[in-house]
Amino acid sequence: MDISVVISIFNEKESLRELVAGIVENLSKAALSYEIIMVNDGSTDDSWAEILQLAQEQKQANRNGVIRGICFRRNYGKSAALYCGFEAAQGDVVFTMDADLQDDPKELPELYRMVKDNGYDLVSGWKRKRLDNRFTKNIPSKIYNATARCVTGIKLHDMNCGLKAYKREVVKNIEVYGEMHRYIPFLAKEAGFTKIGEKEVTHHKRKYGSSKFGMSRFINGYLDLMSLWFLQKFGKKPMHFFGVWGTLMFIIGGLIAIWIITRKLILQHLIQNQFNTQGYSDIKLRAVTDQPLFYLSLVAIILGVMLFLTGFIAELISRNSAQRNTYKIKDSF
């Protein structure tokens, strides 16, 4: 089979028929065999009934493609839907599309060609001319993508574009979980698929319903990005992070404490000698524990010990993980 199109669906009944018609029309013109995998992510409308109807009509029309459906018992999120869709996909090239008609099916044949003929592992769409609200989506999206480019090192203008094409090997070697669907290119890169391309695609306004993602997606997206970066870099060697910072803070705090105590003793000795020589009474300096800097050094020491112990415990957990020696092997003989 040439193509698998994976679509995550949550309360998008009104758009499904038009979406499927567009996919079928464009893939049929390109003479490509295909399957459309529609994952119903716990919709509360009649989306699943519409999927069943469309699958039956597709079968009766005897076209060069099939519609397959997966129905969750409740809403698990887009990442879960894509994960199950990727597991079921059988096409040489796997696409992801949103169900809200904002992605244009006319882009599918060219994206397929880029993967098959140009050898890309992954091609991401770039909605250069977005038709969303400028202040609630466009500007935050630009900031988000700029941050993602800096952290991941992948030079994509639209990391979270729903329209993407992948070699089948890519989707079979990555695990999409939580809300990591935003960072599939980064997951692919960490799995060893480094030839990642980009194509400018047409963006349409949402035709039916409303967006299922609020402004919280930008905050969650940033936190997920930091988590993903940390896990990929230090997931199997947590002591390299916690141990380094813990040791550094412990040394800094210890040196400050030693400097404060030593300085107090030296000054006390010098002043005592001077005043005793001149016949003055004994003069005492301020106690070490009365100085704010001493407590800052104490906090640094405690945090350093806690970070080091956190790294030690994390290392014990990592060493006992069943996947500590799981690696992606490209070829062997």
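Our structure is the block above this text.
Residues numbered from 1 in each chain as written. Predicted model: local features only at pLDDT ≥ 70, side-chain atom pairs only at ≥ 80, totals over all residues. Heavy atoms only, no water.

### Brief notes about the overall build of the protein chain
Of regular secondary structure, the protein chain possesses 10 helices and seven strands. Counting every position in the protein chain, which comprises 333 residues, the buried fraction comes to 42%. Summarising the internal contacts of the protein chain: among those between residues at least 6 apart in sequence, 79% fall at separations of at least 24. When the accessible surface of the protein chain is totalled, it reaches about 18800 Å², and 57% of it is carbon and sulfur. (Helix = DSSP H or I, 4+ residues; strand = E, 2+ residues; numbered from the N terminus. Buried < 20%, exposed > 50% of the residue type's maximum accessible area, 1.4 Å probe, protein only. Contact = heavy atoms within 4.5 Å. Areas by Shrake-Rupley, 256 points an atom, 1.4 Å probe, with all protein chains shown as cover.)

### A short note on helix α10 (residues 292–319)
Along its 28 residues, α10 runs 41 Å from first to last C-alpha, staying within 8% of the 40 Å computed at 1.5 Å per residue. Among all positions of α10, only F294, S297, A300, G304, G311, E315 and S318 are buried. (Expected span 1.5 Å × (residues − 1).)

### Observations concerning the packing of aromatic side chains
Across all of its chains, the model carries 10 aromatic pairs by this definition. Between the aromatic rings of F86 and Y166, the centroid separation amounts to 5.7 Å while the plane-to-plane angle is 70°, which identifies the pairing as edge-to-face. Of this pair, F86 sits in helix α3 (residues 78–88) while Y166 sits in strand β6 (residues 164–167), placing them 80 residues apart in sequence. For the pair F86 and Y166, a shared accessibility class is recorded, and that class is buried. Measuring from ring centre to ring centre gives 5.3 Å for F234 and F241, while their planes differ by 50°; the resulting arrangement is tilted. (Phe/Tyr/Trp six-rings, centres within 6.5 Å; stacked < 30°, edge-to-face > 60°.)

### Comments concerning the pattern of salt bridges
Considering all chains together, one arrives at 16 salt bridges under this definition. For E18, the salt bridge is made with K207, and the minimal N-O distance between the two is 3.1 Å. Within this pair, whereas E18 is found in helix α1 (residues 13–29), its partner K207 is found in the loop between β7 (196–200) and α8 (216–234), the two being separated by 189 residues in sequence. When its relative accessible area of 37% is taken as the criterion, E18 is described as partly exposed. The closest approach of N and O atoms between E25 and K29, which form a salt bridge, is 3.3 Å. One end of the pair, E25, and the other, K29, are both in helix α1, four residues apart, so they sit about a helical turn from each other. E25 sits in the partly exposed class, given a relative accessible area of 44%. Judged by its relative accessible area of 65%, K29 falls in the exposed class. (Salt bridge = Lys/Arg side-chain N within 4 Å of Asp/Glu carboxyl O.)

### Points about the sheet that holds strand β2 (residues 34–40)
Here seven strands make up an open sheet; going across it, the order is β3-β2-β1-β4-β6-β5-β7 and the pairing mixed. If you trace the sheet from one side to the other, it starts and ends with β3 (65–71) and β7, each paired once. Along the sheet, successive strands turn relative to each other by an average axial angle of 20°, direction set aside. Note: β2 against β3, seven bridges, orientation parallel. Of the residues in β3, the one forming a bridge with I36 is I67. (Pairing = 2+ DSSP bridges. Axes fitted to C-alpha atoms, helices over the stretch in contact; angles between N-to-C directions.)

### Considerations on the packing of α1 against helix α2 (residues 47–61)
The angle between the axes and the distance between the axes are what describe a pair of packed helices. Where α1 meets α2, the axes come as close as 9 Å, and the angle between the chain directions of the two elements is 25°. When the axis of α1 is compared with that of α2, the two are roughly parallel. The element α1 and its partner α2 pack so that their crossing is right-handed. From α1, K13, L16, R17, V20 and V24 reach across to α2, where they touch S47, E50, I51, Q53, L54, E57 and Q58. (Parallel < 35°, antiparallel > 145°, perpendicular 65-115°, else oblique. Left-handed = near helix turned anticlockwise from the far one by under 90°.)

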